[in-house]
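Chain by chain, the residues:
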Amino acid sequence: MVMGCQPVATAPKPAGGGTAVEALVGAPGALNPLFEVDATTRDIDSVIYQGLTTIDAQQNVIGLLASSWTISPNHLSYTFTIRQGIKWADGQPFTADDVLFTFHVLQDLEYQQPGADSWRQLGVGPAGAGRVIFTLRAPSASFPLALRIGIIAKHLFNGMSPPQIAASQFSGVGAIGTGPFKVSAISPLAVTLIRNSFAEPQPYLDHLIFRIYSSNPATDPQAAIDGVVHGVADLVGGLEPQEVGTLLRRSDMTVQDVRTFTDAFVSMNVEGAGKPFFSDVRVRLALTQAIDRQKIINDVIAGRGDPDPGPIPTADWAYSAVAAAKYPYDRLTAVKALETAGWVLAPGAKVRTKRGVAFRVDLVTAGSFPSRQIADAVSSQLLAVGVEADVKPVTASALVQAYLLGRHYQLALAAFDVGPDPDQYSLWHSGADRGTINFAYAQGWGVIDQDLEVGRAAVDQSARLAAYIDFQMLMADAAPAIFLYAPHYDYAVSQRVHGVRLNDVIEPGDRFQYVTQWYVNTGG
């Protein structure tokens, strides 16, 4: 959805040339898709490098550097045919050897980035001229989606170890890929990209500049906004509600508002210190029905999100509205369920008790906006039914390392970009790898596990849909979390830049998917 203060005139005819400037918060790391650790780097890399696959506006996985692929009858082997006629930004031909080299780096024992173990479980080899075969240990319908990772050039990095690749000039000022732009200059203030003259299709823009604002959360998001307001930059994303309001009042800006694949929820831990409170499913169901999700969305993020009472985001193709409606907001029902479970409210008391134990728990959350404010709103609504949740704000890294990993919490507010595929094995399967963030329960999880296994293994989309609908229905009954909402992504665009469009639902880095269509110059 595009919002603005004035009707948009008929778009002029695009012409080549000119520059667009995007404001980003946080300095980038190595400009290499195999070593991305932050959003700024991912954003810049997305217009330099390309993967074998991408997704279209309908959430279908389609070929990018691959022209096609086939799947073996046992669903364990994927053979990709490499697109012909592609060149690197230095004019060298792109070949299957570059693909093999990239995945061999990912499998190198010296490669220590997140996800390295998963890549090492993959078989990769040549399959004839211009073809590469990937062999999996177990079927995974979402595997082609993983191949969106950018391919790097063998002729630039051959003979280097992973640490040497990350430190190379070709992962910095000399970074090139097969995408529409390549690096021209890097400074503490900006990363300047120029048109890749070998890219197909060619972008209209000559230059795309990423203006960098340092990552002080107290000041820099606003500094990035100010850059757009004062004409220093043309585009900025990830806006907070108050910032959207400020920009919407300007006649020279539009704000594109789209849905995301992010799922925010409060996990209820039935182990450790959470066991006395959450081991009874009646209690968990009561708490899910005690929360008015739309009110939280309206009060905290000005309505810029969708109520999402289940684990699969509302915008995903496998989302089940039936499962989402199974236990709607109903405070009276929540109160009755808590009483039935033995948690009673004494006359004049604010907090329920059971056998002398007060229903007081900690709710740990990231301290930044909007997580802290969402947690406060959840806490307020829980108190209205006699449950006291004391909000404990921590840093995002501490939330993961000290609380989520190892499940050292009673309640925890988490948000994950789960991506365009509904495969949530790692988050919700009870057999997921140890040392990962996982919220499955040890008991009573058998059929849920089975649905996740079928959904991951089946290639036929109708079979996957059936499995994931059942998964959502069972998750509604099990109530392992208070699923809250899926936030929107807001992207401000100066009316100086034309042709900017987003899919209806995106991951934030996907906003550059149609960057070749952006233009600032016009012709007759």
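The text that follows walks through the structure, step by step, so that each part is easy to find. All chains use their own residue numbering, which begins from 1 and follows the written sequence. Since the coordinates come from a predicted model, pLDDT governs what is reported: local features require at least 70, and pairs of side-chain atoms require 80 or more to be given and counted, while whole-chain, interface and lining totals use all residues. Hydrogens are left out, water is left out, and the side-chain values use all remaining heavy atoms of the structure.

Secondary structure summary: the chain contains 18 helices and 24 strands in total. C-alpha atoms define the radius of gyration in this analysis, and the globule rule sets the expected value at 2.2 Å times the number of residues to the power 0.38. Relative to the 2.2 N^0.38 estimate, which gives 24 Å for 524 residues, the radius of gyration of the chain is 24 Å and therefore close to what a compact globule would have. Principal axes of the C-alpha set define a box for the chain whose edges measure 75 × 55 × 40 Å. Exposed residues in this analysis have more than 50% of their type's maximum accessible area, buried residues have under 20%, and partly exposed residues fall in between, with area computed by a 1.4 Å probe over protein chains only. The 524 residues of the chain split such that 51% are buried. Here a residue-residue contact requires only that any non-hydrogen atoms of the pair lie within 4.5 Å. Put simply, 67% of the contacts in the chain that link residues at least 6 apart link residues at least 24 apart. As displayed, the chain offers around 22100 Å² of accessible surface, 53% of which is attributable to carbon and sulfur atoms. Here the chain contributes 38 positive and 49 negative side-chain charges, whose respective centroids are spaced 3 Å apart. A run of H or I in DSSP counts as a helix once it spans at least four residues, and a run of E counts as a strand once it spans at least two, with each numbered from the N terminus. Note on areas: these come from Shrake-Rupley sampling with a 1.4 Å probe, and a residue is covered only by the protein chains present in the view. In this count, Lys and Arg are taken as positive residues and Asp and Glu as negative ones, while His and the chain termini are left out. Working definition for charges: the position is that of NZ of Lys, CZ of Arg, CG of Asp or CD of Glu.

Here Leu-405 lies in the loop between helix H15 (396–404) and strand S21 (411–417). Sequence spacing of Leu-405 and Gln-495 is 90 residues, and the spatial spacing of their C-alpha atoms is 45 Å. With sequence-adjacent residues up to four places away left out, Leu-405 is seen in contact with Val-400, Gly-435, Thr-436 and Ile-437.

Moving on, we come to the sheet that holds strand S6 (residues 66–71). Where strands meet in a sheet, backbone hydrogen bonds hold them as pairs that are either parallel or antiparallel. Across the sheet, which stays open at both edges, the 4 strands sit in the order S6-S7-S9-S8 with antiparallel pairing between neighbours. Where the open sheet ends on each side, the last strands, each with one partner, are S6 and strand S8 (123–126). This sheet shows a mean twist of 20° between the axes of neighbouring strands, independent of strand direction. Across 5 bridges, S6 lies against strand S7 (residues 77–82) in antiparallel orientation. Being paired, for any two strands, means DSSP has found at least two bridges between them. Between N-to-C directions, angles cover 0 to 180 degrees, with each direction set by a line fitted to C-alpha atoms, over the stretch in contact for helices.

Before going further, it helps to examine the nonpolar core. What we call a nonpolar core is a set of buried Ala, Val, Leu, Ile, Met, Phe, Trp, Tyr and Cys residues that are connected through their side-chain atoms within 4.5 Å. By size, the foremost hydrophobic cluster in this structure holds 67 residues, and its most contacted members are Leu-287, Phe-359, Trp-428 and Phe-439. Among the nonpolar cores identified, the runner-up in size contains 66 residues, and Leu-156, Leu-208, Val-258 and Val-500 belong to it.

Of the positions making up helix H13 (residues 331–340), those classed as buried are Ala-334, Val-335 and Leu-338. Mapping the buried residues of H13 onto a view down its axis gives an arc of 100°, with all of them on the same face. Opposite the buried face of H13, by more than 90 degrees, sit the exposed residues Leu-332 and Thr-340. Identification of polar contacts relies on pairs of N or O atoms within 3.5 Å, with a donor-acceptor requirement for protein atoms, meaning one able to donate a hydrogen and the other able to accept it, and with residues adjacent in sequence counted only if both atoms are side-chain atoms. Measuring from the side-chain oxygen of the N-cap residue of H13 to the backbone nitrogen of Leu-332 gives 3.3 Å; that N-cap residue is Asp-330. Directly beyond the C-terminal end of H13, a positive phi value near 95° is found at Gly-342. The arc in question is the one spanned by the directions pointing from the helix axis to the C-beta atoms.

Okay, helix H8 (residues 241–248) next. Within H8, burial applies to Pro-241, Glu-243, Val-244 and Leu-247. Looking straight down H8, one finds that the buried residues subtend no more than 160° of arc, so they occupy a single side.

Ring geometry is summarised as follows: Phe, Tyr and Trp rings, the Trp one being its six-membered ring, pair when their centres sit within 6.5 Å, and such pairs are stacked at plane angles under 30 degrees, edge-to-face over 60 and tilted between the two. For the structure on display, the rule yields 27 aromatic pairs. The interplanar angle of 35° and the centroid separation of 5.1 Å between the aromatic rings of Phe-277 and Phe-359 together place this pair among those described as tilted. A residue pair is termed long-range when its members are at least 10 positions apart, and Phe-277 in helix H9 (residues 275–278) and Phe-359 in the loop between strand S18 (357–358) and strand S19 (360–366) qualify at 82 residues. Phe-359 shares its class with Phe-277; the two are buried. Pairing Trp-428 with Phe-439 gives two aromatic rings, centres 5.6 Å apart and planes at 40°, and the pair type is tilted. With a gap of 11 residues between them, Trp-428 in helix H16 (residues 425–428) and Phe-439 in the loop between H16 and helix H17 (446–457) connect regions that are remote in the sequence.

This part is about the pattern of salt bridges. Each salt bridge in this description consists of a side-chain nitrogen of Lys or Arg and a carboxyl oxygen of Asp or Glu lying within 4 Å of one another. Under the criterion given, the structure shown has 18 salt bridges. For the salt bridge of Arg-360 with Glu-388, the shortest nitrogen-to-oxygen distance reads 3.1 Å. Of this pair, Arg-360 sits in strand S19 while Glu-388 sits in strand S20 (residues 388–394), placing them 28 residues apart in sequence. One salt bridge connects Arg-456 with Asp-423, and the closest N-O pair in it is separated by 2.9 Å. You can see Arg-456 sitting in helix H17 and its partner Asp-423 sitting in the loop between S21 and H16, a full 33 residues away along the chain.

Method remark: on a 1 Å grid restricted to protein atoms, a set of points is classed as a cavity if a 1.4 Å probe fits but cannot get out and as a pocket if it is open with protein on both sides within 12 Å along at least five of seven lines; lining residues have an atom within 4 Å of a point. Grid points are joined across faces, edges and corners, and a volume is the space filled by probe spheres set on the points. Per the counting criterion, the structure on display carries 1 cavity of 30 Å³ or more. Of the volumes computed, that of the largest cavity is approximately 160 Å³. Around the largest cavity sit 18 residues that line it, and Pro-309, Ala-323, Tyr-327, Ala-476 and Phe-483 are the ones nearest its centre. Elements with a minimum of two residues in the lining of the largest cavity: helix H10 (281–289), helix H12 (321–324), helix H18 (461–478) and strand S22 (481–494). Following the grouping adopted for this structure description, the nonpolar residues are Ala, Val, Leu, Ile, Met, Phe, Trp, Tyr, Cys and Pro, the charged ones are Asp, Glu, Lys and Arg, and the polar ones are all others, Gly among them. Residues that form the lining of the largest cavity fall into these classes: 13 nonpolar, 4 polar and 1 charged.

S21 sits mainly inside the fold: 5 of its 7 residues count as buried. For strand S15 (residues 262–268) and S21, the ladder comprises 7 bridges, and the chain directions are antiparallel. By the bridge assignment for S21, Asp-263 is matched with Phe-416. Bridge count for S19 against S21 is 2 bridges, and the pairing is parallel. Within the sheet, the bridge partner assigned to Val-364 lies in S21 and is Ala-412.

Interhelical geometry of helix H11 (residues 293–301) versus helix H14 (residues 371–383) gives an angle of 140° and a closest axis separation of 10 Å. Looking at the two axes, H11 sits oblique to H14. As H11 packs across H14, the resulting crossing turns out to be right-handed. Counting all contacts with H11, which are made through Lys-295, Ile-296 and Val-300, the residues of H14 involved are Gln-373, Ile-374, Ala-377, Val-378 and Gln-381. Of the residues that constitute the contact of H11 with H14, the class distribution is 5 nonpolar, 2 polar and 1 charged. An angle below 35 degrees is read as roughly parallel, one above 145 as roughly antiparallel, one from 65 to 115 as roughly perpendicular, and any other as oblique. In this scheme, a crossing is called left-handed if the near helix is turned counterclockwise away from the far one by less than a right angle; it is called right-handed if the turn is clockwise.

Our focus in this paragraph is the packing of H10 against H13. One can describe the packing of H10 onto H13 by two numbers: an axis separation of 8 Å at closest approach and a directional angle of 160°. Regarding the angle of H10 to H13, the classification is roughly antiparallel. Crossing hand, H10 versus H13: left-handed. The segment H10 lies against H13, with Arg-282, Val-283, Ala-286, Leu-287 and Gln-289 engaging Arg-331, Thr-333, Ala-334, Ala-337, Leu-338 and Thr-340. A per-class count over the contact of H10 with H13 returns 6 nonpolar, 3 polar and 2 charged.

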